[in-house]
Amino acid sequence: MVLNMTQIFKFKNDIDANTLKQLEKQECLAIDTEGSGLQIPHRDKLSLVQFSTGNNDAYIVQPNRENYSAPNIVKILENDKITKIGHYLRYDVSGLEYFLKCNVKNIFDTKIASKLCRTYSQNHGLKDLVFEFCGKKLDKRLGSSDWNKNLDELTDAQLQYCSNDVIFLHKIKDELYKMLVRENRLVLYESCIKFLKTRIKLDQGGFTEDIFQH
Ligand code: MN
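Here's a quick rundown of the structure. Numbers given for residues are sequential positions, taken from 1 along each chain in its written order. Selection of residues for local features in this predicted model requires a pLDDT of at least 70, selection of side-chain atom pairs for listing and counting requires 80 or more, and totals for whole chains, interfaces and linings are taken over all residues. Neither water nor hydrogens contribute to the side-chain values; these are computed over all heavy atoms in the structure.

### Some remarks on the packing of helix α3 (residues 89-100) against helix α8 (residues 186-204)
For step 1, the next point in the chain: Contact pair α3 / α8: the axes reach a minimum separation of 10 Å and the direction vectors enclose 70°. The pairing of α3 with α8 is recorded here as roughly perpendicular in orientation. Facing L89, R90, V93, S94, E97 and Y98 of α3, the residues of α8 in contact are L196, K197, R199, I200, D203 and Q204. An axis is simply a line fitted to the C-alpha atoms; with a helix, the fit covers only the stretch in contact. Between two such axes, the angle follows the N-to-C directions and lies from 0 to 180 degrees. Secondary structure counts use DSSP, requiring at least four H or I residues in a row for a helix and at least two E residues in a row for a strand, with both numbered from the N terminus. For classification purposes, angles smaller than 35 degrees are called roughly parallel, those larger than 145 roughly antiparallel, those between 65 and 115 roughly perpendicular, and all remaining angles oblique. The contact criterion used throughout is that any non-hydrogen atoms of two residues lie within 4.5 Å.

Structure follows, in structure tokens:
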């Protein structure tokens with residue numbers, strides 16, 4: 001897939017004060033993270049944090065893995081006025097809260113929304129939603145790659161890959177939101193989002209199974 005127009009901005013440790021100001025003007029920001037693996041936080045660590053304003057741009061931050069000090073990112077995450085859109089935030093919010101020591105507020109999870117309103121489909125991957133709502137075919141092959149390389153050593157393909165995980169989320173959220181309203185599942189969706197932090201605490205405490213199951 002060719003997406004040559006994405007504007008990519010790279011940051012070491014944290015976004016700068018000017019970028020923070022720009023991002024704070026947004027009502028909605030798409031977020032995603034890359035880690036050294038899927039077992040966050042005990043085995044794997046947070047490697048990258050990506051944001052998008054929805055205008056085909058990506059802000060890619062490599063936090064300092066010695067101290068994970070990123071006060072400007074935390075300001076965005078804790079800002080209740082900015083909706084953070086993400087796909088499967090059970091993973092990203094867990095890593096962000098654990099490593100950046102913050103409380104992520106005001107989230108919209110496109111995977112949970114999709115499972116509640118797209119009951120006609122078994123496929124709720126980001127790839128499936130990008131295809132259905134944006135008509136684009138995402139190449140997910142670089143998903144499992146070494147995100148711990150120095151920021152300057154990440155290839156253009158890797159940078160485009162981790163940008164693709166945020167640039168479509170605004171459009172997807174708008175479509176899913178309309179469907180949740182249409183299917184009368186918005187209240188149920190909101191209850192699920194309220195439970196997400198508890199689900200994450202269970203994950204971090206080692207209760208990874210579904211405790212509601214018989
Ligand atoms: Mn990603």
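Once the structure has been displayed, the description carries forward.
### Some words on the layout of surface pockets
For step 1, the next point in the chain: As defined here, a cavity is a set of points on a 1 Å grid over the protein atoms alone where a 1.4 Å probe fits but cannot get out. A pocket is an open set with protein on both sides within 12 Å along at least five of seven lines, and residues line them when an atom is within 4 Å of a point. Grid points are joined across faces, edges and corners, and a volume is the space filled by probe spheres set on the points. Reported here for the largest pocket is a volume of approximately 910 Å³.
For step 2, the next point in the chain: Under the grouping applied here, Gly and all other residues not named as nonpolar or charged are polar, the nonpolar ones being Ala, Val, Leu, Ile, Met, Phe, Trp, Tyr, Cys and Pro and the charged ones Asp, Glu, Lys and Arg. The residue makeup of the lining of the largest pocket, split by class, is 8 nonpolar, 15 polar and 11 charged.
For step 3, the next point in the chain: Estimated volume of the second largest pocket: approximately 440 Å³.
For step 4, the next point in the chain: In this structure, the second largest pocket is lined by 15 residues; those nearest its centre are R90, I112, F195, L196 and R199.

### Some points on α8
For step 1, the next point in the chain: For α8, spanning 19 residues, the distance from its first C-alpha to its last is 28 Å, which sits close to the expected 27 Å at 1.5 Å a residue.
For step 2, the next point in the chain: In this scheme, the bend at a residue equals the angle between the axes fitted to the seven residues that finish there and the seven that begin there. The largest bend in α8 amounts to roughly 35° and is located at L196.
For step 3, the next point in the chain: Among all positions of α8, only L186, Y189, I193, L196, R199, I200, L202 and D203 are buried.
For step 4, the next point in the chain: Elements in contact with the buried residues of α8: α3, β6 (107-109), α4 (110-117) and α7 (169-182).
For step 5, the next point in the chain: Phi turns positive one or two residues past the end of α8, at G206, with a value near 95°. Here a helix's expected span is defined as the number of its residues, less one, multiplied by 1.5 Å. When accessible area is computed with a 1.4 Å probe and restricted to protein chains, residues below 20% of their type maximum are described as buried, those above 50% as exposed, and intermediate ones as partly exposed.

### What to know about the pairing of strand β5 (residues 83-86)
For step 1, the next point in the chain: The side-chain alternation of β5 yields two buried faces, one formed by T83 and I85 and the other by K84 and G86.
For step 2, the next point in the chain: Note that strand β2 (residues 28-35) and β5 share 3 bridges and pair parallel. By the bridge assignment, C28 is partnered in β5 with T83.
For step 3, the next point in the chain: When β5 meets β6, the two strands line up parallel, connected through 3 bridges. Its bridge partner being in β6, K84 is matched across the sheet by I107.
For step 4, the next point in the chain: For the crossover that starts at β5, traverses α3 and ends in the parallel β6, the hand is right-handed. Pairing between strands requires that DSSP locate at least two bridges from one strand to the other. Note on handedness: a clockwise path from strand one over the helix to strand two, with the strands aimed away from the viewer, defines a right-handed crossover.

### Remarks on the pattern of salt bridges
For step 1, the next point in the chain: Salt-bridge detection follows one rule: a side-chain nitrogen of Lys or Arg within 4 Å of a carboxyl oxygen of Asp or Glu. Summed over the entire model, instances satisfying the criterion amount to 11 salt bridges.
For step 2, the next point in the chain: Salt-bridge contacts for E97 lead to K197; the nearest nitrogen and oxygen are separated by 2.6 Å. Of the two residues, E97 sits in helix α3 while K197 sits in helix α8, which places them 100 residues apart along the sequence.
For step 3, the next point in the chain: Judged by its relative accessible area of 23%, K197 falls in the partly exposed class.
For step 4, the next point in the chain: Linked by salt bridges that have partners in common, R90, R199 and D203 make up one network.

### So, the sheet that holds β6
For step 1, the next point in the chain: Strands sit in the order β1-β4-β3-β2-β5-β6 across an open sheet of 6 strands; the sheet is mixed. Strands at the two margins of the open sheet, each flanked by one partner only, are β1 (7-12) and β6. On average, each strand axis in the sheet is tilted by 25° relative to the strand beside it, whichever way the strands run.
For step 2, the next point in the chain: When β2 meets strand β3 (residues 46-52), the two strands line up antiparallel, connected through 6 bridges. In the sheet register, T33 faces β3, and the bridge partner there is V49.
For step 3, the next point in the chain: In the packing of α3 onto the sheet, contacts are made with β2, β3, β5 and β6, and the angle to β2 comes to roughly 80°.
For step 4, the next point in the chain: Docked against the sheet, α7 engages β2, β3, β5 and β6, running at close to 115° with respect to β2.

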